[in-house]
Amino acid sequence: MSAVSGGPLHDVIIIGGSYSGLSAALVLGRARRNVLVIDRGEPCNRVVQHAQNLLTHDGRAPAEIRALALQDLSAYPNVRILNDEAVTFLREEDRARVKDRSGNWHDARKILLAFGVKDEMPTIPGFAECWGLTVAHCPYCHGYELRDQRLGVRGNGDPGFEYARLLTNWTDRLTLFTDGPSTLSAHHTHLLKGKGVIIEERPIVRLEHTNGQLGSIVVKGDIALPFDGLFSRVPFTLPQTLIKDIGCALTEIGLIAVDERGRTNVPGVSAAGDCTIPLRSLAQAIGSGNAAGAFLNHALTEEDLH
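All of the points below concern the structure found in this document. (Residues numbered from 1 in each chain as written. Predicted model: local features only at pLDDT ≥ 70, side-chain atom pairs only at ≥ 80, totals over all residues. Heavy atoms only, no water.)

Section: the sheet that holds strand β14 (residues 223-226)
Read across the sheet, 3 strands follow the order β12-β13-β14 without closing on themselves; strand pairing throughout is antiparallel. Both edges of this open sheet fall to β12 (204-210) and β14, since each of them pairs with a single strand only. The average angle at which neighbouring strand axes cross in this sheet is 30°, direction not considered. In this structure, strand β13 (residues 213-219) lies alongside β14, joined through 4 bridges in antiparallel fashion. Residue pairing across strands places Ser216 opposite Pro226, the latter belonging to β14. (Pairing = 2+ DSSP bridges. Helix = DSSP H or I, 4+ residues; strand = E, 2+ residues; numbered from the N terminus. Axes fitted to C-alpha atoms, helices over the stretch in contact; angles between N-to-C directions.)

Put into structure tokens, the structure is as follows:
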């Protein structure tokens, strides 16, 4: 054992207290496991005003949903929420050790990574200010609210075609911004134009908006085109220092690789939620966390029996 005490040995430390992390905490709390959730309170969707496509909570503010989740967890004294950030990971013979930004060490038999992802905004003026309001990545989350309006979609090549084709179900006033010369195939170009999609090759210069409400997309030549919404996928990052400390394998697209039980390649470390799932939604995150929590309890029970 290390000379640095980590206090009581938890059954599970959950790193990240958004929807997947809290969902797992609920399962484990009800299984009478001693759980610590370390979370700094900055969920990826904190700028979104309304959460959509979540049964019984459709249209409710994400912060309100999280508050209700914390209220649910307050009924389980064996679950503790720590407002901090996990920054260091160590593996010892009989436990994993996590250090928070305040300098405290916490020990556990199992670790669940549920810290989501961080979206990286492009350097287009106005983009970040509109993100989560009238600029979004998921039509299933935001498409209905922007239906039948003047919508843009940012993409190129085969991914741009698939993205634009999907959005034709929400509006017939759609423009595909390739942000430079189009790399769409002739066949894909023909299909999109047949659906009335305009293909705009001039690069986007900036977004003009009022308090995040998109008014126009300005393209090269300082030409302002009136739009009500824009869909765009953006790169994402994971907490690289922590990932490196733990040694988790990643998928081709940079998410944490897990098996059907949510286990990573590192013994005793599982992962759930947006850091593992390419299709990001609250429902997916909650379901992923629920399953990971149950599988962790099964693993702990098996260890206890032996």
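Continuing now.
Some words on the sheet that holds strand β8 (residues 135-136)
Pairing is parallel across the open sheet formed by 5 strands, whose spatial order is β8-β15-β9-β10-β11. Looking at which strands have only one partner, the edges of the open sheet turn out to be β8 and β11 (198-200). When β8 meets strand β15 (residues 229-232), the two strands line up parallel, connected through 2 bridges. Looking across to β15, one finds that Val135 is bridged to Leu230.

Side note on the nonpolar core
Residues Ile111 and Leu113 are the most contacted members of the largest nonpolar core, which totals 24 residues. Leu113 has contacts with Ile15, Ile246, Cys248, Ile256, Val269, Ser270, Ala271, Ala272 and Cys275, leaving out every residue within four places of it along the chain. Grouped together as the second largest cluster of nonpolar side chains are 17 residues, Leu22, Leu112, Ala272 and Leu296 included. (Core = buried A, V, L, I, M, F, W, Y, C linked by side-chain atoms within 4.5 Å. Buried < 20%, exposed > 50% of the residue type's maximum accessible area, 1.4 Å probe, protein only. Contact = heavy atoms within 4.5 Å.)

A short note on the packing of helix α1 (residues 19-30) against helix α8 (residues 282-305)
Viewed as axis vectors pointing N to C, α1 and α8 meet at an angle of 35°, and their least axial separation amounts to 7 Å. Between α1 and α8 lies a crossing of right-handed hand. Each of Tyr19, Ser20, Ser23, Ala24, Val27 and Leu28 in α1 lies in contact with α8, whose residues at this interface are Leu282, Ala285, Ile286, Gly289, Asn290, Gly293, Ala294, Leu296 and Asn297. Here the contact of α1 with α8 is built from residues that sort into 9 nonpolar, 6 polar and no charged. (Left-handed = near helix turned anticlockwise from the far one by under 90°. Nonpolar A, V, L, I, M, F, W, Y, C, P; charged D, E, K, R; others polar.)

Some details on the pairing of strand β6 (residues 105-113)
For β6, the tally of buried residues reaches 9 of 9 residues, placing the bulk of the element in the interior. Judged from the 6 bridges that link them, strand β1 (residues 9-15) and β6 form a sheet pairing that is parallel. Each residue of the ladder has a partner; that of Ile14, found in β6, is Leu112. Where strand β5 (residues 95-100) and β6 come together, 4 bridges link them in antiparallel fashion. Bridging across to β6, Val98 finds its partner in His106. The hairpin formed by β5 and β6 contains 4 residues between the paired strands, and Gly103 there has a positive phi angle of roughly 100°. Direction of pairing for β6 relative to strand β17 (residues 269-271): parallel, over a ladder of 3 bridges. Looking at β17, one finds that Leu112 is bridged to Ser270.

Functional significance is not addressed by these values, which are geometric in nature.
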